[in-house]
There are 2 protein chains.
Amino acid sequence: MIGIFDSGFGGLTVLRHVRTALPTHDVVYFGDSGRTPYGGRDVHTILDFSEQATERLFEEGCRVVVVACHTVSCVALRHLQQRYAGPGSDKRVLGVTIPAVEAAMEVTQGHIGLLATAATVRSNTYAAELAKLGQVRLSARAAPVLPPIVEEGWEGSVTAREAVRAYLADLSGIDTLVLGCTHFPLLRGVIEEVVAPGVHVLDPGPFVAARLVDWLRRHPDFDPGEGEGALRVLCSGDPTSFAAHGARFLGEALPVVHHVAEVDGRLAHRDPGDAPVGQVVRDRSRR
Amino acid sequence: MIGIFDSGFGGLTVLRHVRTALPTHDVVYFGDSGRTPYGGRDVHTILDFSEQATERLFEEGCRVVVVACHTVSCVALRHLQQRYAGPGSDKRVLGVTIPAVEAAMEVTQGHIGLLATAATVRSNTYAAELAKLGQVRLSARAAPVLPPIVEEGWEGSVTAREAVRAYLADLSGIDTLVLGCTHFPLLRGVIEEVVAPGVHVLDPGPFVAARLVDWLRRHPDFDPGEGEGALRVLCSGDPTSFAAHGARFLGEALPVVHHVAEVDGRLAHRDPGDAPVGQVVRDRSRR
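Here the structure is a predicted model, which means the values were calculated and not measured.

1. Considering the sheet that holds strand β7 (residues 176-180) of chain A
All names here are of chain A.
Next up, step 1: Taken in spatial order, the four strands make up an open sheet running β6-β5-β7-β8, and their pairing is parallel. Here the strands that pair on one side only, and so sit at the sheet edges, are β6 (137-142) and β8 (200-202). In this sheet, adjacent strand axes meet at a mean angle of 20° when their direction is disregarded.
Next up, step 2: With five bridges connecting them, strand β5 (residues 111-116) and β7 associate as parallel partners. Considered in β7, the bridge of L114 is made with V178.

2. Observations concerning the side chain of E51(B)
Next up, step 1: Assignment of secondary structure puts E51(B) in helix α2 (residues 43-59).
Next up, step 2: A relative accessible area of 9% places E51(B) in the buried class.
Next up, step 3: Separated by 2.7 Å, the side chains of E51(B) and H79(B) make a polar contact.
Next up, step 4: Here R83(B) takes part through its side chain, which lies 2.8 Å from a polar atom of the side chain of E51(B).
Next up, step 5: For E51(B), the residues in contact, after removing those within four places along its chain, are R282(A), H79(B), L80(B), R83(B) and Y84(B).

3. A closer look at the packing of helix α5 (residues 97-107) of chain B against helix α11 (residues 205-218) of chain B
Residues and elements named next belong to chain B.
Next up, step 1: The interhelical angle for the contact between α5 and α11, taken along N-to-C directions, is 115°, at an axis separation of 9 Å. What the angle tells us is that α5 and α11 run roughly perpendicular. α5 and α11 meet at a crossing whose hand is right-handed. For the pair α5 and α11, the contacting residues are I98, P99, E102 and A103 in the first and F207, V208 and R211 in the second.
Next up, step 2: Residues belonging to the contact of α5 with α11 are distributed by class as follows: five nonpolar, no polar and two charged.

4. Points about the environment of E59(A)
All names here are of chain A.
Next up, step 1: Structurally, E59 can be placed in helix α2 (residues 43-59).
Next up, step 2: On the basis of relative accessible area, E59 is assigned to the partly exposed category, the value being 42%.
Next up, step 3: With 52 residues separating them in the primary sequence, E59 and H111 have C-alpha atoms 42 Å apart.

5. Examining helix α4 (residues 77-84) of chain B
Residues and elements named next belong to chain B.
Next up, step 1: Those residues of α4 that sit buried are L77, H79, L80, R83 and Y84. Here the buried residues of α4 occupy an arc of 160° about the axis, which is enough to place them on one side.
Next up, step 2: Of the surrounding secondary structure, the elements contacted by the buried residues of α4 are β1 (2-6), α2, β3 (64-67), α3 (70-75) and β4 (92-94).

Here is what the cut-offs are and how they apply
Residues numbered from 1 in each chain as written. Chains lettered and ligands numbered in written order. Predicted model: local features only at pLDDT ≥ 70, side-chain atom pairs only at ≥ 80, totals over all residues. Heavy atoms only, no water. Pairing = 2+ DSSP bridges. Helix = DSSP H or I, 4+ residues; strand = E, 2+ residues; numbered from the N terminus. Axes fitted to C-alpha atoms, helices over the stretch in contact; angles between N-to-C directions. Buried < 20%, exposed > 50% of the residue type's maximum accessible area, 1.4 Å probe, protein only. Polar contact = N/O pair within 3.5 Å; in protein donor to acceptor, adjacent residues only side chain to side chain. Contact = heavy atoms within 4.5 Å. Parallel < 35°, antiparallel > 145°, perpendicular 65-115°, else oblique. Left-handed = near helix turned anticlockwise from the far one by under 90°. Nonpolar A, V, L, I, M, F, W, Y, C, P; charged D, E, K, R; others polar. Arc of directions from axis to C-beta.

Following this line, the structure appears as structure tokens:
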């Protein structure tokens, strides 16, 4: 099976393209919706969460894990690759940044805009990867108001339009806009209404899926091959809410969503009814 | 010294009232701006961060710590009190929920609205504390879009007004609105424009400060007494940005902001220039 993870719902937009490109492959998706967003978090927290997500997907039977989250891909991908996919390992971890950067380079006339999380912008990874491919200008803007707008389901609202307008005002002169957070393809409609005419709005999702297909073709040892097109979904937040909201991101109804939660530094399957309510007093011996 | 902490800037609105009430007391403020917001996080992460913040303030010389953050106060206060302020301890930890609930009970005619974070609403702590004081109805709405709007400095924008309007539409019939997140007093202007006429908008900040004054009077052993009105500020995010944004919350310019960061599960003073950029590969032995 192929594993895909994201800090929450957003990666379902990537999963959607992977399902279209590889309709008979079996896929496991993990959305860390109980701990989203990652974009404002410190680096070590992002590394911890990314390790837990990757290990959970390996335990589910995946040998290839796609990091759909741009924040994790910009900050932690190399760490995950060195830790789990070094020489001799039968596992691989792939990201979204390089497909996004390559797709942007193909269409830009020289000035790329990036809307992303604060951690993605701060990492400077987009600029570093673009610089390897040629001389282009990058204008990047962290857009922390947009993910919660999408999580609320407010994509068509005045709130969404005004927030997008404010962010795009800081990216004047761009010819290409990279949607550098998996939440943002849901805002594509309002972004295209507001963005300056002629700007190419780029959702990296289809390019990530195309690159995965190509990579599996070139690495047949890692291709799990055709299955039944089964989809298994795990999340760390409320599974009912995940299934309800997730359909907007995936473009189809979700199967039963399984709940996992952090227990002693690992993500374990757990009944969501066990989640604590009210004041929580933790045993002194724990952590 | 008195310690105050919050998940970010917001608690500076509480600090503002504490400084007015106790102008000659010395205060240390910690804003966990590098890891904000807490409101969408799982309970154990909130407990971890709260422990780290409390221990940092004890190390700064505080014996009384005020948890300004409603999320922490609703979820982790009892844990912090049992862990650090049990029988025989010379430390105390105070929260904001009970002052907020008492203030709301004094003005309501029977139907209280609460705007807060998802974790605060999910905890049910407001409902539990209100039920101890009498029979009132509580309508609570998580408002995850509002904290990032305030962090962007967009309080006067159309985005802010439309988001507030959408949230208040889910709280119809209330007579009192508790601003149950320390970011929301910054939105008081736009909230009062949009809220139904006659609804009492309640910022718990002044009540928290008044309760602290009263508590210190009744517990003179814990009162550090008059100092020089000194203010020391720590944050876990970017100190320059914290100082620039924080002035809006505090209502006066901030002193030099010191940077702390998580190192091996503790918050230590650290040069912000040491923060990693780009792909971060962590030593396998760490954690």
